[in-house]
Amino acid sequence: MKKIYLDNAATTAVLPEVAQTMFEVLTHTYGNPSSTHSFGREAKVQVETARKAIAKHIHAQATEIIFTSCGTEGDNWVLQAAVNDLKVTRIVTTKLEHHAVLHTLAVLQLKNPELEVVYLPVNSLGEIAYSDLETVLSSSSAKTLVSLMHVNNEIGTVLDLVQVGAICKAYQAYFHSDTVQAIGKTNIDVQAANLDFLVASAHKFHGPKGVGFVYVKKNTIIQPLLHGGEQEKGFRAGTEAVHQIVGMAKALDLAYANLGAQQQAVTAVKNYAISAFKKAFPAVAFNGGENGFYNILNVRLPLSVDKTAMILFYLDMKGIAVSRGSACQSGSIKPSHVLAEILDANALQVPSLRLSFSHENTPEDIDALIEAIQSM
Ligand code: PLP
(Lines give C-alpha, C1' and ligand atoms only; values in the text may rest on other atoms or scores of the structure.)
Protein backbone atom coordinates (compact mmCIF):
# COMPACT_ATOMS: atom_id res chain seq x y z
CA MET A 1 0.00 0.00 0.00
CA LYS A 2 1.41 3.41 -0.98
CA LYS A 3 1.40 5.68 2.04
CA ILE A 4 0.38 9.29 1.58
CA TYR A 5 1.55 12.02 3.93
CA LEU A 6 -0.61 15.14 4.00
CA ASP A 7 0.31 16.32 7.50
CA ASN A 8 3.26 18.64 6.93
CA ALA A 9 2.06 21.21 9.46
CA ALA A 10 2.48 18.52 12.14
CA THR A 11 6.00 17.73 10.97
CA THR A 12 7.96 17.26 7.78
CA ALA A 13 10.29 14.62 6.39
CA VAL A 14 13.96 15.41 7.00
CA LEU A 15 15.62 16.13 3.64
CA PRO A 16 18.32 13.60 2.71
CA GLU A 17 20.93 16.39 2.39
CA VAL A 18 20.06 17.50 5.92
CA ALA A 19 20.36 13.97 7.31
CA GLN A 20 23.71 13.57 5.53
CA THR A 21 25.04 16.83 6.98
CA MET A 22 23.92 15.79 10.44
CA PHE A 23 25.53 12.38 10.07
CA GLU A 24 28.84 14.01 9.20
CA VAL A 25 28.64 16.23 12.29
CA LEU A 26 27.66 13.30 14.51
CA THR A 27 30.54 11.18 13.33
CA HIS A 28 33.25 13.82 12.92
CA THR A 29 32.50 16.94 14.90
CA TYR A 30 31.75 15.45 18.27
CA GLY A 31 33.62 17.96 20.40
CA ASN A 32 31.83 20.05 22.99
CA PRO A 33 31.65 23.62 21.63
CA SER A 34 32.62 24.92 25.08
CA SER A 35 35.91 22.96 25.07
CA THR A 36 38.97 24.96 24.16
CA HIS A 37 40.84 22.14 22.38
CA SER A 38 40.63 21.61 18.63
CA PHE A 39 37.68 19.20 18.87
CA GLY A 40 35.67 21.79 20.75
CA ARG A 41 36.78 24.66 18.54
CA GLU A 42 35.71 22.74 15.44
CA ALA A 43 32.26 22.15 16.90
CA LYS A 44 32.04 25.81 17.92
CA VAL A 45 32.83 26.90 14.36
CA GLN A 46 29.99 24.72 13.07
CA VAL A 47 27.53 26.18 15.56
CA GLU A 48 28.53 29.76 14.82
CA THR A 49 28.47 29.21 11.06
CA ALA A 50 24.93 27.86 11.42
CA ARG A 51 23.94 30.85 13.55
CA LYS A 52 25.24 33.31 10.93
CA ALA A 53 23.44 31.51 8.10
CA ILE A 54 20.14 31.44 9.98
CA ALA A 55 20.44 35.09 10.99
CA LYS A 56 21.04 36.13 7.38
CA HIS A 57 17.85 34.45 6.18
CA ILE A 58 15.72 36.62 8.46
CA HIS A 59 17.83 39.81 8.26
CA ALA A 60 19.01 39.50 11.87
CA GLN A 61 22.48 39.63 13.38
CA ALA A 62 24.06 36.36 14.47
CA THR A 63 24.12 37.49 18.11
CA GLU A 64 20.33 37.82 17.99
CA ILE A 65 19.79 34.08 17.33
CA ILE A 66 19.50 31.78 20.36
CA PHE A 67 19.21 28.03 19.80
CA THR A 68 16.50 26.14 21.68
CA SER A 69 15.11 22.61 21.75
CA CYS A 70 11.82 23.40 19.96
CA GLY A 71 9.18 25.98 19.19
CA THR A 72 7.40 25.28 22.46
CA GLU A 73 10.51 26.19 24.43
CA GLY A 74 10.86 29.40 22.43
CA ASP A 75 7.28 30.51 23.07
CA ASN A 76 7.52 29.63 26.78
CA TRP A 77 10.78 31.52 27.16
CA VAL A 78 9.65 34.69 25.40
CA LEU A 79 6.34 34.95 27.25
CA GLN A 80 7.85 34.24 30.66
CA ALA A 81 10.70 36.66 30.04
CA ALA A 82 8.32 39.37 28.88
CA VAL A 83 6.41 39.20 32.16
CA ASN A 84 9.24 38.43 34.57
CA ASP A 85 12.08 40.46 33.07
CA LEU A 86 10.59 43.11 30.80
CA LYS A 87 7.77 43.65 33.31
CA VAL A 88 4.98 43.74 30.77
CA THR A 89 1.60 43.90 32.49
CA ARG A 90 -0.53 43.29 29.41
CA ILE A 91 -0.31 40.72 26.62
CA VAL A 92 -2.41 41.10 23.48
CA THR A 93 -3.05 37.92 21.52
CA THR A 94 -5.91 35.80 20.11
CA LYS A 95 -7.50 32.50 21.07
CA LEU A 96 -6.20 30.96 17.84
CA GLU A 97 -2.57 30.80 18.99
CA HIS A 98 -0.84 27.46 19.47
CA HIS A 99 -1.14 25.93 22.95
CA ALA A 100 2.57 26.68 23.45
CA VAL A 101 1.39 30.29 23.76
CA LEU A 102 -2.12 29.88 25.21
CA HIS A 103 -1.21 27.43 27.97
CA THR A 104 1.87 29.45 28.91
CA LEU A 105 -0.31 32.55 29.22
CA ALA A 106 -2.75 30.67 31.44
CA VAL A 107 0.07 29.66 33.79
CA LEU A 108 1.51 33.18 33.79
CA GLN A 109 -1.88 34.59 34.71
CA LEU A 110 -2.21 32.16 37.61
CA LYS A 111 1.18 33.26 38.92
CA ASN A 112 0.66 36.95 38.15
CA PRO A 113 -2.99 37.83 38.81
CA GLU A 114 -2.29 41.43 37.79
CA LEU A 115 -1.30 40.34 34.27
CA GLU A 116 -3.96 41.37 31.77
CA VAL A 117 -4.38 39.16 28.70
CA VAL A 118 -6.43 40.70 25.92
CA TYR A 119 -7.75 38.33 23.25
CA LEU A 120 -8.47 40.22 20.06
CA PRO A 121 -11.64 39.12 18.25
CA VAL A 122 -11.20 37.17 15.01
CA ASN A 123 -13.51 36.88 12.01
CA SER A 124 -14.67 33.63 10.39
CA LEU A 125 -11.36 33.43 8.48
CA GLY A 126 -9.40 33.68 11.73
CA GLU A 127 -8.25 37.23 10.97
CA ILE A 128 -7.93 40.08 13.43
CA ALA A 129 -8.88 43.63 12.50
CA TYR A 130 -5.67 45.65 12.71
CA SER A 131 -7.74 48.59 13.91
CA ASP A 132 -8.77 46.50 16.96
CA LEU A 133 -5.12 46.12 17.85
CA GLU A 134 -4.64 49.88 17.60
CA THR A 135 -7.72 50.51 19.73
CA VAL A 136 -6.43 48.19 22.47
CA LEU A 137 -2.91 49.60 22.40
CA SER A 138 -4.14 53.19 22.50
CA SER A 139 -6.56 52.50 25.35
CA SER A 140 -3.91 52.35 28.08
CA SER A 141 -0.21 52.91 28.53
CA ALA A 142 0.37 49.54 30.23
CA LYS A 143 3.68 47.97 29.22
CA THR A 144 2.54 45.53 26.54
CA LEU A 145 3.67 42.52 24.54
CA VAL A 146 1.74 41.72 21.37
CA SER A 147 1.97 37.98 20.69
CA LEU A 148 0.49 36.99 17.33
CA MET A 149 1.42 34.00 15.18
CA HIS A 150 2.47 34.52 11.59
CA VAL A 151 0.60 31.55 10.08
CA ASN A 152 -2.08 29.63 11.91
CA ASN A 153 -1.18 25.95 12.05
CA GLU A 154 -4.75 24.70 11.65
CA ILE A 155 -6.47 26.99 9.17
CA GLY A 156 -3.55 28.83 7.56
CA THR A 157 -4.61 32.39 8.42
CA VAL A 158 -1.73 34.74 7.62
CA LEU A 159 -0.85 37.77 9.73
CA ASP A 160 0.71 40.82 8.08
CA LEU A 161 3.86 41.00 10.23
CA VAL A 162 4.97 44.34 8.81
CA GLN A 163 1.63 46.00 9.50
CA VAL A 164 1.45 44.65 13.05
CA GLY A 165 5.08 45.59 13.63
CA ALA A 166 4.37 49.16 12.59
CA ILE A 167 1.42 49.36 14.98
CA CYS A 168 3.51 47.93 17.84
CA LYS A 169 6.23 50.46 17.12
CA ALA A 170 3.76 53.35 17.10
CA TYR A 171 2.48 52.34 20.56
CA GLN A 172 5.85 51.16 21.93
CA ALA A 173 4.66 47.61 22.48
CA TYR A 174 6.99 44.61 22.26
CA PHE A 175 6.17 42.30 19.34
CA HIS A 176 6.54 38.49 19.50
CA SER A 177 5.55 36.24 16.63
CA ASP A 178 5.39 32.46 16.62
CA THR A 179 6.57 31.89 13.04
CA VAL A 180 6.83 28.12 13.41
CA GLN A 181 4.57 27.44 10.40
CA ALA A 182 5.90 30.23 8.23
CA ILE A 183 9.67 30.22 8.45
CA GLY A 184 11.34 28.56 5.47
CA LYS A 185 8.07 28.76 3.56
CA THR A 186 7.93 32.52 3.09
CA ASN A 187 10.40 35.37 3.46
CA ILE A 188 10.62 36.97 6.88
CA ASP A 189 12.49 40.19 7.66
CA VAL A 190 12.68 40.83 11.40
CA GLN A 191 13.71 44.43 10.83
CA ALA A 192 10.95 45.31 8.37
CA ALA A 193 8.49 43.65 10.79
CA ASN A 194 9.97 45.46 13.79
CA LEU A 195 9.99 42.17 15.70
CA ASP A 196 11.40 41.90 19.21
CA PHE A 197 11.02 38.12 19.33
CA LEU A 198 10.50 35.43 16.71
CA VAL A 199 10.13 31.72 17.43
CA ALA A 200 11.02 28.92 14.98
CA SER A 201 11.27 25.13 14.95
CA ALA A 202 13.35 23.07 12.50
CA HIS A 203 11.07 20.07 12.11
CA LYS A 204 8.46 22.13 10.29
CA PHE A 205 10.87 22.98 7.44
CA HIS A 206 12.35 19.56 6.72
CA GLY A 207 14.94 19.81 9.47
CA PRO A 208 15.34 17.61 12.54
CA LYS A 209 13.02 17.48 15.55
CA GLY A 210 14.30 18.72 18.89
CA VAL A 211 15.84 21.99 17.75
CA GLY A 212 14.61 25.51 17.10
CA PHE A 213 15.66 29.07 17.63
CA VAL A 214 14.48 32.36 19.00
CA TYR A 215 15.35 35.72 17.53
CA VAL A 216 15.78 38.21 20.37
CA LYS A 217 16.28 41.81 19.25
CA LYS A 218 19.65 43.26 20.21
CA ASN A 219 19.84 44.92 23.65
CA THR A 220 16.74 43.16 24.99
CA ILE A 221 17.70 42.18 28.52
CA ILE A 222 16.01 38.94 29.51
CA GLN A 223 16.93 36.01 31.72
CA PRO A 224 17.36 32.45 30.45
CA LEU A 225 14.70 29.78 30.91
CA LEU A 226 17.35 27.20 31.83
CA HIS A 227 20.14 28.05 34.22
CA GLY A 228 23.55 26.45 34.11
CA GLY A 229 26.50 26.96 31.80
CA GLU A 230 27.37 30.01 29.77
CA GLN A 231 26.28 28.56 26.43
CA GLU A 232 24.44 30.87 24.04
CA LYS A 233 26.03 33.87 25.77
CA GLY A 234 24.20 32.92 28.95
CA PHE A 235 20.78 33.05 27.26
CA ARG A 236 20.31 29.27 27.18
CA ALA A 237 22.34 26.85 29.26
CA GLY A 238 23.01 23.30 28.10
CA THR A 239 25.56 21.80 25.72
CA GLU A 240 24.62 22.78 22.18
CA ALA A 241 23.16 19.98 20.04
CA VAL A 242 25.69 20.61 17.28
CA HIS A 243 24.25 18.13 14.77
CA GLN A 244 20.73 19.45 15.28
CA ILE A 245 21.80 23.07 14.92
CA VAL A 246 23.82 22.39 11.78
CA GLY A 247 20.96 20.30 10.37
CA MET A 248 18.51 23.12 11.06
CA ALA A 249 20.72 25.65 9.25
CA LYS A 250 21.10 23.30 6.29
CA ALA A 251 17.33 22.78 6.12
CA LEU A 252 16.71 26.54 6.19
CA ASP A 253 19.35 27.13 3.51
CA LEU A 254 17.66 24.57 1.27
CA ALA A 255 14.18 25.92 2.05
CA TYR A 256 15.17 29.43 0.99
CA ALA A 257 17.26 28.30 -1.98
CA ASN A 258 14.21 26.47 -3.37
CA LEU A 259 11.51 28.79 -2.06
CA GLY A 260 10.06 29.99 -5.38
CA ALA A 261 9.83 26.53 -6.95
CA GLN A 262 8.42 24.98 -3.79
CA GLN A 263 5.81 27.70 -3.33
CA GLN A 264 4.69 27.17 -6.91
CA ALA A 265 4.54 23.39 -6.63
CA VAL A 266 2.74 23.37 -3.28
CA THR A 267 0.28 26.07 -4.37
CA ALA A 268 -0.56 23.97 -7.44
CA VAL A 269 -1.34 20.97 -5.20
CA LYS A 270 -3.49 23.10 -2.90
CA ASN A 271 -5.40 24.59 -5.84
CA TYR A 272 -5.92 21.13 -7.25
CA ALA A 273 -7.26 19.97 -3.88
CA ILE A 274 -9.71 22.89 -3.70
CA SER A 275 -11.17 22.12 -7.15
CA ALA A 276 -11.18 18.36 -6.61
CA PHE A 277 -12.99 18.63 -3.26
CA LYS A 278 -15.56 21.03 -4.75
CA LYS A 279 -16.17 18.62 -7.58
CA ALA A 280 -16.45 15.55 -5.35
CA PHE A 281 -18.41 17.24 -2.54
CA PRO A 282 -20.27 20.31 -3.90
CA ALA A 283 -21.28 21.37 -0.36
CA VAL A 284 -17.70 21.26 0.95
CA ALA A 285 -16.48 24.27 2.95
CA PHE A 286 -12.97 25.37 3.81
CA ASN A 287 -12.40 26.44 7.41
CA GLY A 288 -10.46 29.69 7.33
CA GLY A 289 -11.28 30.05 3.62
CA GLU A 290 -9.41 29.01 0.50
CA ASN A 291 -6.92 31.84 0.50
CA GLY A 292 -4.93 31.11 3.64
CA PHE A 293 -1.28 30.05 3.63
CA TYR A 294 -0.34 28.05 0.55
CA ASN A 295 0.43 24.75 2.25
CA ILE A 296 -2.61 24.49 4.54
CA LEU A 297 -6.21 23.61 3.64
CA ASN A 298 -8.76 22.83 6.33
CA VAL A 299 -11.62 20.96 4.67
CA ARG A 300 -15.08 20.71 6.26
CA LEU A 301 -16.84 17.77 4.72
CA PRO A 302 -20.58 17.57 4.18
CA LEU A 303 -20.73 14.09 5.69
CA SER A 304 -22.94 12.73 8.43
CA VAL A 305 -21.90 13.49 12.00
CA ASP A 306 -21.39 9.80 12.80
CA LYS A 307 -18.41 9.77 10.39
CA THR A 308 -16.57 12.42 12.42
CA ALA A 309 -15.13 10.14 15.06
CA MET A 310 -13.93 7.53 12.58
CA ILE A 311 -12.58 9.49 9.65
CA LEU A 312 -8.96 9.89 10.76
CA PHE A 313 -8.78 6.27 11.80
CA TYR A 314 -10.35 5.15 8.52
CA LEU A 315 -7.93 7.21 6.41
CA ASP A 316 -5.02 5.94 8.48
CA MET A 317 -6.10 2.38 7.68
CA LYS A 318 -5.86 3.36 4.02
CA GLY A 319 -2.34 4.69 4.58
CA ILE A 320 -3.33 8.37 4.39
CA ALA A 321 -2.08 10.75 7.07
CA VAL A 322 -4.04 13.93 7.67
CA SER A 323 -4.86 15.78 10.82
CA ARG A 324 -7.93 16.99 12.63
CA GLY A 325 -6.96 20.37 13.95
CA SER A 326 -3.44 20.38 15.36
CA ALA A 327 -1.45 17.19 15.76
CA CYS A 328 -1.48 17.30 19.53
CA GLN A 329 -5.24 16.93 19.47
CA SER A 330 -5.61 14.00 17.11
CA GLY A 331 -7.45 11.24 18.90
CA SER A 332 -8.95 13.70 21.35
CA ILE A 333 -12.71 14.08 21.36
CA LYS A 334 -12.50 17.77 22.16
CA PRO A 335 -12.97 20.00 19.12
CA SER A 336 -9.95 21.95 17.99
CA HIS A 337 -9.71 25.21 19.96
CA VAL A 338 -9.17 27.05 16.68
CA LEU A 339 -12.24 25.64 14.94
CA ALA A 340 -14.26 26.18 18.14
CA GLU A 341 -13.53 29.93 17.81
CA ILE A 342 -14.63 30.29 14.19
CA LEU A 343 -17.37 27.69 13.66
CA ASP A 344 -20.90 27.30 15.01
CA ALA A 345 -22.01 24.20 16.91
CA ASN A 346 -23.40 22.46 13.80
CA ALA A 347 -20.31 23.03 11.71
CA LEU A 348 -18.18 21.72 14.55
CA GLN A 349 -20.01 18.41 14.50
CA VAL A 350 -19.16 17.36 10.96
CA PRO A 351 -15.72 16.06 10.03
CA SER A 352 -13.04 18.65 9.32
CA LEU A 353 -9.64 17.59 8.05
CA ARG A 354 -6.51 19.66 8.08
CA LEU A 355 -4.46 18.93 4.99
CA SER A 356 -0.94 20.35 4.92
CA PHE A 357 1.20 19.90 1.85
CA SER A 358 4.88 19.75 0.98
CA HIS A 359 6.78 19.68 -2.30
CA GLU A 360 6.53 15.89 -2.16
CA ASN A 361 2.74 15.85 -2.61
CA THR A 362 1.05 15.37 -5.97
CA PRO A 363 -2.48 15.66 -7.39
CA GLU A 364 -2.61 11.85 -7.25
CA ASP A 365 -2.33 12.06 -3.46
CA ILE A 366 -5.41 14.27 -3.43
CA ASP A 367 -7.31 11.90 -5.74
CA ALA A 368 -6.46 8.99 -3.44
CA LEU A 369 -7.64 10.96 -0.39
CA ILE A 370 -10.95 11.89 -2.00
CA GLU A 371 -11.51 8.35 -3.20
CA ALA A 372 -10.85 7.06 0.31
CA ILE A 373 -13.31 9.54 1.84
CA GLN A 374 -15.94 8.60 -0.72
CA SER A 375 -15.52 4.94 0.14
CA MET A 376 -16.26 5.51 3.84
N1 PLP B 1 3.74 26.91 17.29
C2 PLP B 1 3.08 26.47 16.22
C3 PLP B 1 2.29 27.42 15.39
C4 PLP B 1 3.11 25.12 15.88
O5 PLP B 1 2.45 24.66 14.82
C6 PLP B 1 3.87 24.24 16.70
C7 PLP B 1 3.88 22.79 16.42
O8 PLP B 1 2.89 22.20 16.02
C9 PLP B 1 4.55 24.77 17.80
C10 PLP B 1 4.47 26.12 18.07
C11 PLP B 1 5.39 23.92 18.68
O12 PLP B 1 6.60 23.62 18.04
P13 PLP B 1 7.49 22.38 18.55
O14 PLP B 1 6.81 21.16 18.05
O15 PLP B 1 8.82 22.58 17.89
O16 PLP B 1 7.54 22.47 20.01
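Residues numbered from 1 in each chain as written. Predicted model: local features only at pLDDT ≥ 70, side-chain atom pairs only at ≥ 80, totals over all residues. Heavy atoms only, no water.

(A) Fine view of a nonpolar patch on the surface. Taken together, Met310, Phe313 and Met317 make up a surface patch of nonpolar side chains, about 330 Å² in accessible area. Summarising the element assignment, Met310 is placed in the loop between β10 (296-300) and α9 (311-317). The partly exposed category is assigned to Met310, whose relative accessible area is 41%. (Patch = residues over 30% accessible without salt bridge, like charges linked within 9 Å, V, L, I, M, F, W, Y side chains within 5 Å. Areas by Shrake-Rupley, 256 points an atom, 1.4 Å probe, with all protein chains shown as cover. Salt bridge = Lys/Arg side-chain N within 4 Å of Asp/Glu carboxyl O. Helix = DSSP H or I, 4+ residues; strand = E, 2+ residues; numbered from the N terminus. Buried < 20%, exposed > 50% of the residue type's maximum accessible area, 1.4 Å probe, protein only.)

(B) Spotlight on the site of the ligand. Around the ligand, a shell composed of 13 residues is seen, among which Thr72, Asp178, Gln181, Ser201 and Lys204 lie nearest. Contacts to the ligand include His98, whose side-chain N or O atom sits 3.4 Å from an oxygen atom. In the environment of the ligand, a nitrogen atom lies 2.6 Å from a nitrogen or oxygen atom belonging to the side chain of Asp178. The fraction of the free accessible surface of the ligand (390 Å²) that becomes covered by protein chains is 89%. Sort the elements by how many residues they give to the shell around the ligand and helix α3 (residues 71-84) lands first, with three residues. Tallied by class, the residues present in the shell around the ligand amount to three nonpolar, seven polar and three charged. (Near = heavy atom within 4 Å. Polar contact = N/O pair within 3.5 Å; in protein donor to acceptor, adjacent residues only side chain to side chain. Nonpolar A, V, L, I, M, F, W, Y, C, P; charged D, E, K, R; others polar.)

(C) Representation of the sheet that holds strand β12 (residues 352-356) within the structure. Spatially, three strands are ordered β9-β10-β12 in an open sheet, and the strand pairing comes out antiparallel. Only two strands of the sheet have a single partner each, and these edge strands are β9 (285-287) and β12. The average undirected angle you get between the axes of adjacent strands in this sheet is 35 degrees. Of the pairings in the sheet, the one linking β10 to β12 comprises five bridges and is antiparallel in character. Of the residues in β12, the one forming a bridge with Leu297 is Leu355. Strands in contact with helix α8 (residues 259-280) are β9, β10 and β12; relative to β10, the strand with the most contacts, it is inclined by about 10 degrees. (Pairing = 2+ DSSP bridges. Axes fitted to C-alpha atoms, helices over the stretch in contact; angles between N-to-C directions. Contact = heavy atoms within 4.5 Å.)

(D) Layout of the pattern of salt bridges. Summed over the entire model, instances satisfying the criterion amount to eight salt bridges. Close ionic contact of Lys44 with Glu48 constitutes a salt bridge, the shortest N to O distance being 3.7 Å. With a gap of four residues between them, Lys44 and Glu48 both fall in helix α2 (residues 38-57), about one helical turn apart. What makes Lys44 partly exposed here is its relative accessible area of 37%. One salt bridge connects Glu232 with Arg51, and the closest N-O pair in it is separated by 2.8 Å. Of the two residues, Glu232 sits in the loop between β8 (212-216) and α7 (242-257) while Arg51 sits in helix α2, which places them 181 residues apart along the sequence. Residues joined in a network through salt bridges with shared partners are Lys44, Glu48, Arg51 and Glu232.

(E) Just the packing of aromatic side chains, in detail. Tallied over the full model, the rule gives four aromatic pairs. Residues Trp77 and Phe235 carry aromatic rings whose centres are separated by 5.9 Å and whose planes lie at 65 degrees to one another, so their mutual orientation is edge-to-face. One end of the pair, Trp77, is in helix α3; the other, Phe235, is in the loop between β8 and α7, with 158 residues separating them in the sequence. Each member of the pair, Trp77 together with Phe235, is buried. (Phe/Tyr/Trp six-rings, centres within 6.5 Å; stacked < 30°, edge-to-face > 60°.)

(F) Highlighting helix α4 (residues 99-111). With 13 residues, α4 should cover 18 Å at 1.5 Å per step; its first-to-last C-alpha distance of 18 Å lies within 8% of that length. Turning to α4, its buried residues are Ala100, Val101, Leu102, Thr104, Leu105 and Leu108. Residues of α4 that are buried make contact with α3, β3 (90-93), β4 (116-119), β5 (144-147), β6 (174-178) and α10 (337-342). (Expected span 1.5 Å × (residues − 1).)

(G) Seen up close, α3. Over its 14 residues, α3 runs 20 Å from end to end, which matches the ideal 20 Å to within 8%, given 1.5 Å per residue. The buried count for α3 comes to 10 of 14 residues, which makes it a mostly enclosed element. Regarding α3, the residues found buried are Gly71, Glu73, Gly74, Asp75, Trp77, Val78, Leu79, Ala81, Ala82 and Val83.

(H) How the structure looks around the packing of helix α5 (residues 130-139) against helix α6 (residues 161-170). Contact pair α5 / α6: the axes reach a minimum separation of 10 Å and the direction vectors enclose 15 degrees. Regarding the angle of α5 to α6, the classification is roughly parallel. Pair α5 / α6 crosses with right-handed handedness. Where α5 approaches α6, its residues Tyr130, Leu133, Glu134 and Leu137 are matched on the opposing element by Gln163, Val164, Ile167 and Cys168. Of the residues in the contact of α5 with α6, the class split is six nonpolar, one polar and one charged. (Parallel < 35°, antiparallel > 145°, perpendicular 65-115°, else oblique. Left-handed = near helix turned anticlockwise from the far one by under 90°.)

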